[in-house]
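# Observations on the model geometry
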Amino acid sequence: MQKTIRTIALLILGIQFAYGQDVSFSQFYANPMYLNPAFAGSEGAPRIALQYRNQWLQFDNAYTTYSVAADFPVESLQGGLGLQVMNDAQAGNLLNQLQVNLAYSVFIQLSREYRVHAGLQVGYHQNSLKVNDLIFADNLDINYGNHGATGEIITEPDFSYADFSTGLLVYSKRLFFGAAIHHLTEPSQSYAPENDDNSVLDRKYTVHAGAKLPVFRHGHLRKKFDISPQLIIQQQGISNQINYGILATKRGLTAGTWFRQNFGIRYDSLIFLVGFVNNRMQFTYSYDWTISGLWGNSGGTSEVSLSFLLKSNRKKSYFPFSNSYEEEFGVP
């Protein structure tokens, strides 16, 4: 009984928290367009990205998220196009949030070393709540425990809205950084719009940066491996988080560790990642080890991603999600 009560309490708190906050993936760069629409077409070749996240493994289907994305460069537009579809199912599919997003980015060569991408995203989002599976105190039979039809608290269990986002990305061979703003118009989110005028989806502000650095044993000997330090900062309403960590890649194998915390230096998770990469494909698995107050109940979080190119890239890419190991001699 105590475990059931804890499960219900955690799910209720989680739904309330997620209601005003976007899904947060641990492998941000496995599906880069979700992080920043300026990544559309940035790989230089058609790319497919698949991602699955199962949050709080100790509870059956507490939060399960599926995402599929495709993007490709368009030379005639001097930019790229992308499509991303994501479904976030909460509390055993009690609440489903579906997103379909279209992104366009334009590429500008700033200098010999640096390039800038500016992106715009337009989306259609739909929320669906299974009202008949909800139990309210006013429709519960105190004698038999049965519950009838729900009251008038929720008048629109299914609603949809348009969404708009934008982003900017600047990068060179070794460094990259960017910023994005999601939900520019702060669309209304309410299951009873006539009774609630303040239910909006807060804007999400993102700043991210990283590097791809070769490590040599000595200055003129063969490179040993690549490392990629990364930092992501996000703010959405009263919610905020900082993700920082490092990846290391050598001969097709990649591994890394991340920390996730809020601005108040309250740690949420320690994230471990392992995977395999080459010039056309990347497969990674990550596990979030909860180190907050929920560590004894959540069971952690698993995430799996697969991304691949439909054809060889004519240009070398320098981003972590395509961080294939390349042999080099000497210091560049």
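The shown structure was predicted, so the numbers you read here are calculated from the model rather than taken from an experiment.

## Re the nonpolar core
As a rule of thumb, nonpolar side chains are buried together in soluble globular proteins. The biggest cluster of nonpolar side chains holds 13 residues, and the ones touching the most others in it are F28, Y29, L35, F39, L169, I232 and W258. Only β6 (158-171) and β13 (267-277) provide two or more residues apiece to this core. Core analysis: the second largest hydrophobic core is formed by 11 residues, A91, Y161, Y191 and L201 among them.

## Focus: a nonpolar patch on the surface
Residues F259, I265, Y267, F272, W289 and I291 make up a contiguous nonpolar surface patch of roughly 570 Å² in combined accessible area. Within the secondary structure layout, Y267 lies in strand β13.

## As for the confidence of the model for the protein
Considering every residue of the protein, the mean pLDDT works out to 83; 77% of them sit at 70 or more. Below pLDDT 50 for its whole length, residues 1-19 participates in 24 contacts with residues either more than four positions away or in separate chains.

## Concerning the environment of V215
Summarising the element assignment, V215 is placed in strand β9 (residues 213-216). Looking at V215, the relative accessible area reads 23%, which means it is partly exposed. Expressed as a C-alpha distance, the spacing of V215 and A248, which sit 33 residues apart in the sequence, is 9.9 Å.

## Comments concerning the pairing of strand β2 (residues 63-74)
Of the strand pairs in this sheet, strand β1 (residues 47-55) and β2 are connected by nine bridges, and their pairing is antiparallel. Each residue of the ladder has a partner; that of I48, found in β2, is A70. Strand direction decides the pairing type here: β2 and strand β3 (residues 79-90), joined by 12 bridges, are antiparallel. Each bridged residue has a counterpart across the sheet, and for P73 the counterpart in β3 is G80. Taking the residues that link successive antiparallel strands as the turn, the β2-β3 hairpin has four residues, and the phi of Q78 there is positive, at about 55 degrees.

## Quick notes on unusual backbone geometry
Backbone geometry at W56 places phi at a positive 65 degrees, although glycine is not the residue there. Considering the arrangement of structural elements, one finds W56 in the loop between β1 and β2. In the Ramachandran plot, Q78 falls in the positive-phi region, its phi being about 55 degrees despite a non-glycine side chain. Within the secondary structure layout, Q78 lies in the loop between β2 and β3.

## Some words on the packing of aromatic side chains
This structure, assessed with the given rule, holds eight aromatic pairs. Taking 6.2 Å as the distance between ring centres and 80 degrees as the angle between the ring planes, the aromatic pair formed by Y29 and F39 counts as edge-to-face. Pair noted here: Y29 is in the loop between α1 (2-19) and α2 (32-35) and F39 is in the loop between α2 and β1, with a separation of 10 residues, a long-range link. Among the aromatic side chains, those forming a connected cluster through ring pairs are Y29, F39 and F176. Above the ring of Y34, the side-chain terminus of K204 is found at 5.0 Å from the ring centroid.

## Some points on the pattern of salt bridges
If you walk through the whole model with that rule in mind, you get eight salt bridges. In this structure, K204 engages D22 in a salt bridge whose closest nitrogen and oxygen atoms are separated by 3.2 Å. Taken together, the residues span a long stretch of sequence, with K204 in strand β8 (residues 204-211) and D22 in the loop between α1 and α2 at a distance of 182 residues. Each member of the pair K204 and D22 is classed as buried. Here R47 makes a salt bridge to D71, at a shortest N to O gap of 2.8 Å. With R47 in strand β1 and D71 in strand β2, this residue pair connects regions lying 24 residues apart in the sequence. When its relative accessible area of 4% is taken as the criterion, R47 is described as buried.

Reading the values: the criteria
Residues numbered from 1 in each chain as written. Predicted model: local features only at pLDDT ≥ 70, side-chain atom pairs only at ≥ 80, totals over all residues. Heavy atoms only, no water. Core = buried A, V, L, I, M, F, W, Y, C linked by side-chain atoms within 4.5 Å. Buried < 20%, exposed > 50% of the residue type's maximum accessible area, 1.4 Å probe, protein only. Helix = DSSP H or I, 4+ residues; strand = E, 2+ residues; numbered from the N terminus. Patch = residues over 30% accessible without salt bridge, like charges linked within 9 Å, V, L, I, M, F, W, Y side chains within 5 Å. Areas by Shrake-Rupley, 256 points an atom, 1.4 Å probe, with all protein chains shown as cover. Salt bridge = Lys/Arg side-chain N within 4 Å of Asp/Glu carboxyl O. pLDDT = per-residue confidence, 0-100. Contact = heavy atoms within 4.5 Å. Pairing = 2+ DSSP bridges. Phe/Tyr/Trp six-rings, centres within 6.5 Å; stacked < 30°, edge-to-face > 60°. Lys NZ or Arg CZ within 6 Å of the ring centre and 35° of its normal.

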